[in-house]
Amino acid sequence: MKPGDKVICINDKIDPDKSTEIRQDFEIWITRDKEYTIREILDNSGIVTGVLLEEVHNFPKFFKLINRMQEPAFAMWRFRKLQYASKPAEEESAVEELVKEAKELVKIER
């Protein structure tokens, strides 16, 4: 996954033991089966890779574990990258252009 990728939330569950902490850190929480766009990926000092989302903005907090202020990030494992069946329009037009050029070459060679 990388910034700009579309993802879907596959796990929005909060461990009951961490519920209080999560509610203090996150004003806005994610929703299962909802699509999001990755805004930034944070390695969180190697503890757990987290993602910031275009659609969700939370206030920065100080985290003792990583010894810095940052926007709380959602664990990357909570998401799956979306794979769309159709190609982006620019890819389709590039393929169409190559096919057109190939047909022109075939005409020239005949």
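To keep things clear, this report deals only with the structure shown in the data block. (Residues numbered from 1 in each chain as written. Predicted model: local features only at pLDDT ≥ 70, side-chain atom pairs only at ≥ 80, totals over all residues. Heavy atoms only, no water.)

Taken in spatial order, the five strands of this open sheet run 6-3-2-1-7, and their pairing is antiparallel. The sheet is open, and its two borders are formed by strand 6 (74–75) and strand 7 (79–81), each paired with just one other strand. Bridge analysis of strand 3 (residues 50–53) against strand 6 gives two bridges, and the strand direction is antiparallel. Within strand 6, the residue paired with Val 51 across the bridge is Phe 74. (Pairing = 2+ DSSP bridges. Helix = DSSP H or I, 4+ residues; strand = E, 2+ residues; numbered from the N terminus.)

Moving on, we get to the layout of surface pockets. Considering only enclosed or pocket space, the largest pocket measures out at about 700 Å³ in volume. Every residue lining the largest pocket is counted, 26 residues in all, and those nearest its centre are Glu 21, Ile 22, Phe 26, Val 48 and Ala 73. Secondary structure elements with two or more residues in the lining of the largest pocket: helix 1 (19–25), strand 4 (61–63) and strand 6. Ranked by residues supplied to the lining of the largest pocket, first place goes to helix 1 with three residues. Here the residues of the lining of the largest pocket sort into 15 nonpolar, four polar and seven charged. (1 Å grid on protein atoms, 1.4 Å probe; cavity = no way out; pocket = protein on both sides within 12 Å on 5 of 7 lines; lining within 4 Å. Points joined across faces, edges and corners; volume = space filled by probe spheres on them. Nonpolar A, V, L, I, M, F, W, Y, C, P; charged D, E, K, R; others polar.)

Let us look at the pairing of strand 2 (residues 35–42). Pairing analysis gives three bridges linking strand 1 (residues 6–9) to strand 2, with the strands arranged antiparallel. Within strand 2, the position partnered with Val 7 by the bridge is Tyr 36. Bridge count for strand 2 against strand 3 is four bridges, and the pairing is antiparallel. Looking at strand 3, one finds that Ile 41 is bridged to Val 51.

Although it is not a glycine, Asp 33 adopts a positive phi angle of roughly 70 degrees. Considering the arrangement of structural elements, one finds Asp 33 in the loop between helix 1 and strand 2. Even without being glycine, Asn 67 reaches a positive phi, approximately 55 degrees. Relative to the assigned elements, Asn 67 resides in the loop between strand 4 and strand 5 (68–70).

Among the structural elements, Arg 80 can be located in strand 7. Expressed as a C-alpha distance, the spacing of Arg 80 and Ile 10, which sit 70 residues apart in the sequence, is 6.6 Å. Dropping the residues within four chain positions of it, Arg 80 is found in contact with Met 1, Lys 6, Val 7, Ile 8 and Ile 10. (Contact = heavy atoms within 4.5 Å.)

A pair can form between side chains of opposite charge whenever their charged atoms are brought close. All told, the structure shown has four salt bridges when counted by the stated rule. Where Asp 5 meets Lys 2, a salt bridge forms, and the shortest distance between an N and an O atom there is 3.0 Å. The exposure class of Lys 2 is partly exposed, given its relative accessible area of 47%. Of the charged contacts, one joins Asp 5 and Lys 81 as a salt bridge, the two residues approaching to 3.6 Å between their closest N and O atoms. Residue Asp 5 is located in the segment before strand 1, and its partner Lys 81 is located in strand 7; the two are separated by 76 residues in the primary sequence. Looking at Asp 5, the relative accessible area reads 8%, which means it is buried. Exposure remark for Lys 81: the relative accessible area of 32% places this residue in the partly exposed category. Within the structure, one salt-bridge network assembled from shared partners comprises Lys 2, Asp 5 and Lys 81. (Salt bridge = Lys/Arg side-chain N within 4 Å of Asp/Glu carboxyl O. Buried < 20%, exposed > 50% of the residue type's maximum accessible area, 1.4 Å probe, protein only.)

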